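This is what each chain is made of:
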Amino acid sequence: MNEKVMRNLSYGLFVLTVKDRDGAKDTGCIVNTVTQVTTTPNRITVAVNKGNYTAERILATKKFAVSVLDTSVKFDLFERFGFHSGRDTDKFRDFHSWDTASNGCAFLTAGANGYLCCKVENVLDLGSHYLFIAEVTDGAVLSRNESCTYAYYHANVKPKPQTDAAGQTVWRCTICGYEYKGEELPPDFICPVCKHPASDFEKVGK
Ligand code: FE
């Protein structure tokens with residue numbers, strides 16, 4: 001099988017938000033796996049890597065919000081929510097573009113054209129990921145901007161490849177943009193951010 005065919009599937013991009021452990025703070029991550037699966041009741045599914053702190057918090061609290069990213073989104077939002085773990089980072093620190101949804105979870109008020117409040121009904125253990133099946137209990141449209149697809153992110157939001165200033169070889173994760181510096185990328189390397197393998201890295205410079 002040609003695995004590259006999987007890249008022909010199209011996806012949206014979303015910030016998935018949940019209450020942090022003390023219930024007072026919020027955390028979240030970037031996902032591309034939100035899909036509406038039924039209309040009556042209105043249900044979505046979202047798959048989240050088990051290594052993500054957000055997955056742990058959704059398992060514990062059974063509720064979350066989904067902000068639908070739009071084409072006004074800037075790369076720093078992906079850096080904030082996608083390139084660190086909420087386990088050791090306060091992702092909402094010095095961040096003001098958010099408000100609280102009716103289920104108590106945070107949603108973004110900039111870079112997103114709408115949000116959904118979700119209540120978990122079922123969880124499937126898929127090995128590397130949990131698949132959350134959730135009822136949409138509330139939501140709102142925030143702007144008329146077009147949604148940001150995964151393809152739009154790669155073409156317009158993600159920084160373009162550039163050679164490292166020190167002349168070092170750089171390998172960039174084609175999925176999330178994480179950069180590994182070193183002459184050879186170890187074949188068993190796993191992206192620390194999005195957990196994709198070495199085969200999803202491209203050599204971008206020397
Ligand atoms: Fe990655």
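Predicted, not measured: the structure shown is a model, and the values here were computed from it. (Residues numbered from 1 in each chain as written. Predicted model: local features only at pLDDT ≥ 70, side-chain atom pairs only at ≥ 80, totals over all residues. Heavy atoms only, no water.)

*Asks:* Give a description of the nonpolar core that names residues and reports values.
*Replies:* Of all hydrophobic cores here, the largest spans 28 residues; its most connected members are Leu69, Leu77, Phe78 and Leu108. At the level of elements, helix 2 (75-82), strand 7 (106-108), helix 3 (150-157) and strand 10 (170-173) are the ones that each hand at least two residues to this core. The leading source of residues in this core is helix 2, at 4 residues. Structurally, this core is a two-domain feature, drawing no fewer than three residues from each of domain 1 (3-152) and domain 2 (160-205). Excluding residues within four positions of it along the chain, Leu108 makes contact with Val15, Ser67, Leu69, Leu77, Phe81, Phe95, Ser97, Trp98 and Leu142. Core analysis: the next-biggest nonpolar cluster, separate from the first, contains 20 residues, Cys29, Val34, Val66 and Ala134 among them. (Core = buried A, V, L, I, M, F, W, Y, C linked by side-chain atoms within 4.5 Å. Buried < 20%, exposed > 50% of the residue type's maximum accessible area, 1.4 Å probe, protein only. Helix = DSSP H or I, 4+ residues; strand = E, 2+ residues; numbered from the N terminus. Domains from an automatic or database assignment. Contact = heavy atoms within 4.5 Å.)

*Asks:* Describe the domain arrangement of the protein chain, and please don't skip the residues or the numbers.
*Replies:* In terms of domains, the protein chain is made up of domain 1 (3-152) and domain 2 (160-205). Domain 1 and domain 2 are separated by 25 Å when their C-alpha centres are compared. Across the contact, 6 residues belong to domain 1 and 6 residues belong to domain 2. When domain 1 packs against domain 2, close to 530 Å² is buried across both sides, 47% of that on carbon and sulfur atoms. Here domain 1 is connected to domain 2 by 1 salt bridge. Asp200 is the salt-bridge partner of Arg7, the closest N and O atoms lying 2.8 Å from each other. Inspection of the region where domain 1 meets domain 2 yields 2 residue pairs in polar contact (both at pLDDT 80 or more). Here the side of domain 1 that touches domain 2 is built from residues that sort into 2 nonpolar, 3 polar and 1 charged. (Buried area = accessible area lost by both parts, 1.4 Å probe. Salt bridge = Lys/Arg side-chain N within 4 Å of Asp/Glu carboxyl O. Polar contact = N/O pair within 3.5 Å; in protein donor to acceptor, adjacent residues only side chain to side chain. Nonpolar A, V, L, I, M, F, W, Y, C, P; charged D, E, K, R; others polar.)

*Asks:* Describe the pattern of salt bridges, and please don't skip the residues or the numbers.
*Replies:* For the structure on display, the rule yields 6 salt bridges. For the salt bridge of Asp26 with Lys19, the shortest nitrogen-to-oxygen distance reads 3.1 Å.

*Asks:* An account of the packing of aromatic side chains is needed here, citing residue identities and associated values.
*Replies:* All chains considered together, the criterion is met by 11 aromatic pairs. Ring centres of Tyr11 and Tyr150 lie 6.0 Å apart, and the angle between their planes is 80 degrees; on these two criteria the pair is classed as edge-to-face. Taken as a pair, Tyr11 in the segment before strand 1 (14-19) and Tyr150 in helix 3 lie far apart in primary sequence, 139 residues in all. Take Tyr150: its relative accessible area is 16%, and that puts it in the buried class. With a centroid separation of 6.1 Å and 45 degrees between ring planes, the pair formed by Tyr130 and Phe132 is classed as tilted. Like Tyr130, the residue Phe132 is buried in the burial classification. In this structure an aromatic cluster arises from ring pairing among Phe81, Phe92, Phe95 and Trp98. The ring of Tyr130 is capped by Lys50, whose NZ or CZ atom sits 5.0 Å from the centre of that ring. (Phe/Tyr/Trp six-rings, centres within 6.5 Å; stacked < 30°, edge-to-face > 60°. Lys NZ or Arg CZ within 6 Å of the ring centre and 35° of its normal.)

*Asks:* Tell me about unusual backbone geometry, residues and numbers included.
*Replies:* Pro41 follows Thr40 through a cis peptide bond whose omega is 0 degrees. Looking at the element boundaries, Pro41 is found in the loop between strand 3 (35-38) and strand 4 (43-49). In this structure, Lys62 is a non-glycine residue whose phi angle is positive, near 60 degrees. Relative to the elements of secondary structure, Lys62 occurs in the loop between helix 1 (53-61) and strand 5 (63-69). The class for Lys62 is partly exposed, based on a relative accessible area of 38%. At Asp94, a position not held by glycine, the phi torsion is positive, near 55 degrees.

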